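# Structure at a glance
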Amino acid sequence: MHRCGLLTSFKAPVPLKSISVDVIIRGFVADIVSELQYQNKEDNPVEVTFVFPLDDEAAVYAFEGLIGGTRIEAEIREKKQAKQEYDDALSEGRQAFLLEREENTSDIFTCNLGNLPPGAEATLKLRYVQALAVEPDEAVRFVLPAVLNPRYVPEGSEGGTITQQIPRVSTEALPYTLSLSAKVESPYGIIRVDSKCSLIQNMLEDCTAAQVSLAKGHQFDRDVELLIYYKDVHKTSAILEVGKSGTASGSLMGDPALLLSLYPNILAAKAGQHVPGEFIFLLDRSGSMDTIVGTSSGSLSRIESAKETLIFLLKSLPLGCYFNIYGFGSTYDSFYPQSVKYTQQTMDTSVQRVKELCCDLGGTEIVKPLKAIYSQPCLEEHPRQIFVFTDGEVSNTNEVIAEVRCNSHSHRCFSFGIGEGASTSLVKGIARAAGGSAEFITGKERMQAKALQSLKKALQPAITGISVNWELPAGLEATLVGSGPRVIFQGQRCLIYAQIQGQLQASGSMEGAAVVRYNFQNETSTETTKFSLQLEKTDRLPVHRLAARALLQELEEDKEKVEEKQLLALETSLSSGVVCSQTAYVGVNTELGKPVQGPLLHRDVPLQALMAAPPAYYMALRSAPKYSCANIFHKRSAAKLDDGAHFSAMSSSSLLRMRSTQMACVVPIEESRTKEEESPLLKLVSLQNADGSWPHGPTLAAILDLSEAEISGKAPANVASDIWATVLAVLWLHLNAAEQKDEWELLEGKAVHWLQVNAGDQLAKCVKAGNAVLGGRVSPQVFGL
């Protein structure tokens with residue numbers, strides 16, 4: 001059987017029967033226990049391999065098993081040693097289990113359970129803690145990843161990736177179930193908990209805690225996401241946690257650890273007319289970007305959604321800036337040899353070219369276009385900001401992050417993971433490496449809102465020059481773990497970790513304080529947060545684990561003094577229990593009376609297929625080397641193949657490469673997406689001029705559902721046609737697209753600024769007349785009146 005990440009006729013027995021997840025969420029921290037329950041119904045012992053994703057910011061810190069009534073606690077070891085112990089145990093007929101992280105990415109793990117005897121049951125319990133991000137609407141977001149897409153292997157790379165070996169079945173054919181229960185706690189209060197999945201939930205009367213669980217029938221075709229809305233979410237908080245019992249003081253795990261959570265409410269500046277900057281948009285045009293996704297406004301392919309987003313971004317750019325658009329796949333191209341000034345002509349040309357883009361560049365090679373961008377000299381007084389849109393399916397994640405980090409002095413990077421299964425390691429890693437922010441677009445979310453939110457961050461001043469001073473009683477001192485944050489954008493949370501050293505004197509104060517100083521709009525501000533020195537006791541030590549994870553990320557992504565930092569990372573991982581690329585967990589049942597007898601059968605746990613489609617849809621790939629992409633489309637309708645047919649065997653590496661170049665061809669022609677009529681909002685946005693104004697003409701009249709004569713006839717006397725048209729366009733946005741305000745807020749700001757400069761005293765009467773024409777009551781305050 002080939003196992004290439006595409007739909008297969010997987011018929012082997014699967015010992016994994018269920019996954020149950022228990023979550024405790026406090027503020028911006030989630031502590032998770034995941035139980036994998038196995039049962040061997042075969043006549044021989046089995047070895048089971050389960051490959052699964054975790055969030056990039058998750059810190060795996062404990063692993064244990066219950067096999068045949070015997071509890072086995074796994075130990076963290078250097079990876080080579082752990083693998084050797086596991087292999088030795090299997091060869092000796094002993095039961096063993098192994099947990100390791102992929103070498104080149106931090107968000108894929110492999111769990112092996114070996115020598116499970118016939119009829120035996122086993123439960124493996126995985127513990128990890130995760131720092132949570134904040135959505136643009138201020139929801140704290142927890143995600144349990146369920147979708148793991150194959151990672152594209154760049155041309156010239158040695159070997160493949162573990163994702164190539166995973167068998168795929170339809171969602172309905174998955175042989176195991178998922179249950180999830182989560183407790184949400186906040187002393188400040190919880191407003192509500194939302195999800196794209198069906199939930200059963202109960203809230204305490206005082207709203208300080210909520211219990212939620214997945215409703216029965218949850219499907220594995222999407223990630224499990226919880227959106228938690230807190231009261232006083234911007235209030236800075238501190239958690240002080242006792243050190244690990246029995247561990248020597250002076251070490252990260254032995255000393256108390258403090259977590260300081262910052263989520264400042266930065267006031268956004270009004271949209272101005274001239275903001276310096278060089279804005280570079282890097283768009284994934286690989287085959288997988290042609291995947292159809294459901295959105296709140298219907299079904300679009302990822303590339304179509306990205307194209308609409310680019311149009312909104314282009315219309316929202318300020319005059320006086322520079323920009324360029326790159327596309328990448330196996331190769332890359334750009335609209336211009338170097339960034340061009342943002343003018344009416346360059347904007348019009350670019351919008352037209354965006355509309356013509358398609359998934360025609362093959363695989364997912366991100367490093368090459370990044371190097372091409374970095375080879376271009378930066379423009380004086382125009383800070384460079386790069387926006388990367390990708391479904392994140394690459395295997396050389398660390399190489400990409402390293403390239404971004406090496407050039408972090410010259411730019412900021414804002415990244416967007418598109419679709420279920422986008423690599424959190426890649427998307428978060430490149431944003432973190434270059435002082436930007438990361439967003440994920442899943443389910444029915446519109447890409448436009450999150451992209452425009454990031455552009456607002458890029459256009460707004462950010463908090464910089466962040467430093468922390470600790471006010472502690474005599475005998476105590478605090479040391480920052482890692483280098484600390486460099487920048488905080490509007491709508492971005494920041495977690496700061498510190499190690500508390502020394503001895504609290506009996507007569508000393510039981511309170512400390514963190515004094516955060518930072519620069520904002522050329523002014524220095526100070527914020528003081530007090531915290532109790534009464535240590536919170538917990539066996540799980542989530543603050544310590546997250547501090548270790550933050551330090552490990554920093555050490556593994558920094559390519560200076562590599563050997564020295566690898567050694568420090570190894571020591572940190574072994575002492576904290578947090579898995580890194582150099583370590584793994586291994587557990588061996590040493591109490592087994594006699595060796596497990598019989599030939600050992602290997603079983604892979606399948607994941608859901610990439611597409612919910614019958615196998616006949618993939619028939620074009622059976623002889624893909626023979627046909628070009630265009631030929632596949634033409635020959636598909638003539639071919640006959642029933643739904644029970646499957647792929648012929650192919651080598652996994654060649655098929656994975658082929659998938660990336662020809663995925664657009666997988667959808668049958670009768671179900672391929674025909675070009676849809678543009679939405680009225682997109683039509684209106686596409687019509688806007690670079691300076692923010694709208695032209696009067698038949699296209700605008702059609703959008704407003706009026707004739708040109710009606711528009712002209714109801715205009716106030718002596719008002720220029722473009723001023724009148726612009727007022728009507730802004731009013732239409734408020735009357736017909738209010739729910740999508742996040743998407744057009746910036747371009748509206750340009751329009752209002754243009755009106756204030758050009759309309760003068762006529763603006764008030766234009767607004768009044770426009771409301772009468774469109775039947776609205778939009779406040780004049782929208783126009784600054």
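Nothing here was measured: the structure is a model prediction, and the numbers come from that model.

The rules behind the values
- Residue numbering note: each chain is counted from 1, following its sequence as written.
- Reporting of local features is limited, given that this is a predicted model, to residues whose pLDDT is at least 70; pairs of side-chain atoms are given and counted only at 80 or more, and all residues count toward the totals for whole chains, interfaces and linings.
- In computing side-chain values, all of the structure's heavy atoms are included and hydrogens and water are not.
- Each helix is a run of DSSP H or I of at least 4 residues and each strand a run of E of at least 2, with the numbering of both proceeding from the N terminus.
- In this description, contact between two residues means that some pair of their heavy atoms is separated by no more than 4.5 Å.
- Every accessible area reported is derived by Shrake-Rupley at a probe size of 1.4 Å, with residue values counting cover from the shown protein chains alone.
- For two strands to be treated as a pair, DSSP must find at least two bridges joining them.
- A pair of Phe, Tyr and Trp rings is counted when the ring centres sit within 6.5 Å of each other, with Trp represented by its six-membered ring. The angle between the planes then sorts it: under 30 degrees is stacked, over 60 is edge-to-face, the rest tilted.
- Each residue is assigned to one of three classes by its accessible area relative to the maximum for its type, calculated with a 1.4 Å probe on protein chains only: buried under 20%, partly exposed between the two thresholds, exposed over 50%.
- Here, a salt bridge means any side-chain nitrogen of Lys or Arg that lies within 4 Å of a carboxyl oxygen of Asp or Glu.
- Axis definition: a line fitted to C-alpha atoms, limited for helices to the stretch in contact. Angles are taken between N-to-C directions and run from 0 to 180 degrees.
- Here roughly perpendicular refers to angles of 65 to 115 degrees, roughly parallel to angles under 35, roughly antiparallel to angles over 145, and oblique to all remaining angles.
- Handedness of a crossing follows from how the near helix is turned relative to the far one, being left-handed for an anticlockwise turn of less than a right angle and right-handed for a clockwise one.
- Ten residue types, Ala, Val, Leu, Ile, Met, Phe, Trp, Tyr, Cys and Pro, are classed as nonpolar, four, Asp, Glu, Lys and Arg, as charged, and the remainder, Gly among them, as polar.
- Put simply, buried Ala, Val, Leu, Ile, Met, Phe, Trp, Tyr and Cys residues joined by side-chain atoms within 4.5 Å make one nonpolar core.
- Marked domain ranges trace back to an automatic or database domain assignment.
- As used in this structure description, the phrase polar contact means that two N or O atoms lie within 3.5 Å; if the pair is within protein, one of them must be able to donate a hydrogen and the other to accept it, and residues adjacent in sequence are counted only when both atoms belong to side chains.

So, on to the overall build of the protein chain. Assigned secondary structure in the protein chain consists of 17 helices and 37 strands. Considering only contacts within the protein chain whose residues lie at least 6 apart along the sequence, 75% involve residues at least 24 apart. A total of about 32200 Å² of accessible surface is found on the protein chain, and carbon and sulfur atoms cover 48% of it.

This brings us to the pairing of strand E34 (residues 523-532). Looking down a regular strand, the side chains alternate between one sheet face and the other. The pairing of strand E33 (residues 511-520) with E34 spans 10 bridges and is classified as antiparallel. If you follow Gly 512 over to E34, its bridge partner there is Phe 531. Count of turn residues in the E33/E34 antiparallel hairpin: two residues, of which Gln 521 carries a positive phi of about 50°.

A few words on the packing of aromatic side chains. In this structure the tally under the stated criterion is 12 aromatic pairs. Ring centres of Phe 281 and Phe 387 lie 5.3 Å apart, and the angle between their planes is 40°; on these two criteria the pair is classed as tilted. Placement of Phe 281 in strand E20 (residues 278-284) and of Phe 387 in strand E26 (residues 384-390) is noted, with a sequence separation of 106 residues between them. Across the pair, exposure class does not vary: Phe 281 and Phe 387 are buried alike.

Before going further, it helps to spend a moment on the pairing of strand E16 (residues 209-214). Pairing geometry for strand E13 (residues 177-185) and E16, over five bridges, is antiparallel. Opposite Ala 182, over in E16, you have Val 212 as the bridge partner. The sheet contact formed by strand E15 (residues 199-203) and E16 spans five bridges and is antiparallel. Paired with Met 203 across the strands is Ala 210, a residue of E16. Adjacent in sequence and paired antiparallel, E15 and E16 are bridged by five residues, among which Cys 207 carries a positive phi angle near 60°.

In total, this model carries 30 salt bridges according to the counting rule given. Across the salt bridge formed by Arg 71 and Glu 64, the nearest N and O atoms sit 3.0 Å from each other. For Glu 64, a relative accessible area of 16% gives the class buried. Look at the salt bridges and you will find they share partners, linking Glu 135, Arg 141, Lys 196, Glu 225, Glu 445 and Lys 450 into a network.

Further remarks concern the packing of helix H8 (residues 542-557) against helix H9 (residues 562-576). Taken N-terminus to C-terminus, the directions of H8 and H9 make an angle of 160°; their axes are 9 Å apart at the nearest point. As judged from the angle between their axes, H8 and H9 are roughly antiparallel. Taken as a pair, H8 and H9 cross one another with a handedness that is left-handed. Contact residues: Arg 545, Ala 548, Leu 551, Leu 552 and Leu 555 in H8; Lys 565, Leu 568, Ala 569, Thr 572, Ser 573 and Ser 576 in H9. Tallied by class, residues from the contact of H8 with H9 come to six nonpolar, three polar and two charged.

So, about unusual backbone geometry. One non-glycine residue, Asp 232, adopts positive backbone phi at about 50°. Following the sequence through the fold, Asp 232 ends up in the loop between strand E17 (224-230) and strand E18 (237-241). We note that Asn 718 has phi near 60°; this positive angle belongs to a residue other than glycine. By the secondary structure assignment, Asn 718 is in the loop between helix H14 (708-713) and helix H15 (721-736). By relative accessible area, which is 73% here, Asn 718 ends up exposed.

Moving on: the environment of Gly 577. Inspection of the secondary structure assignment puts Gly 577 in the loop between H9 and strand E35 (583-588). Once the C-alpha coordinates of Gly 577 and Arg 77 are considered, the two residues, 500 residues apart in sequence, prove to be 9.1 Å apart. Not counting chain neighbours up to four residues away, the residues in contact with Gly 577 comprise Val 60, Tyr 61, Ile 76 and Tyr 585.

Let's shift gears to the sheet that holds strand E6 (residues 75-78). Taking strand neighbours across the sheet as the criterion, the six strands line up as E6-E35-E7-E8-E3-E36 in an open arrangement whose pairing is mixed. The strands lining the two open edges of the sheet, one partner per strand, are E6 and strand E36 (601-604). Averaged over all pairs of adjacent strands, the angle between strand axes in this sheet comes to 20°, irrespective of strand direction. Pairing of strand E3 (residues 46-53) with strand E8 (residues 108-116) involves seven bridges; the strand directions are antiparallel. Paired with Thr 49 across the strands is Asn 112, a residue of E8. Lying over the sheet, H9 contacts E6 and E35, oriented at roughly 165° with respect to E6.

If you look at the biggest cluster of nonpolar residues, it comprises 87 residues, and the most contacted ones within it are Ile 25, Tyr 38, Phe 50 and Phe 142. For this core, the element with the most residues is H8, which contributes seven residues. Composition of this core by domain shows at least three residues from each of domain 1 (5-151 + 178-224 + 576-588) and domain 2 (237-266 + 473-562). Beyond its immediate stretch of four places on either side in the chain, Phe 50 contacts Leu 16, Ile 19, Leu 36, Tyr 38, Phe 109, Thr 110, Cys 111, Tyr 176, Val 605 and Leu 607.

This brings us to the side chain of His 734. Note that His 734 resides in helix H15. Engagement of the side chain of His 734 in a polar contact is seen with the side chain of Glu 748, the distance being 2.5 Å. Look past the residues within four positions of His 734 in its chain and what remains in contact with it is Lys 741, Trp 744, Glu 748, Val 778 and Val 782.

Strand order in this open sheet of four strands is E10-E11-E17-E14, and the pairing throughout is antiparallel. The sheet is open, and its two borders are formed by strand E10 (133-134) and strand E14 (190-194), each paired with just one other strand. Strand direction decides the pairing type here: E14 and E17, joined by four bridges, are antiparallel. Looking at the pairing, Val 193 lines up with Ile 228 of E17.

For the rest of this paragraph, the subject is the packing of helix H4 (residues 367-375) against helix H5 (residues 397-406). At their nearest, the axes of H4 and H5 sit 10 Å apart, and the two run at 10° to each other. Here H4 lies roughly parallel to H5, going by the angle between them. When H4 is examined against H5, the residues Val 367, Leu 370, Lys 371 and Tyr 374 are found in contact with a partner set consisting of Glu 399, Val 400, Glu 403 and Val 404. In the contact of H4 with H5, the residues fall into five nonpolar, no polar and three charged.

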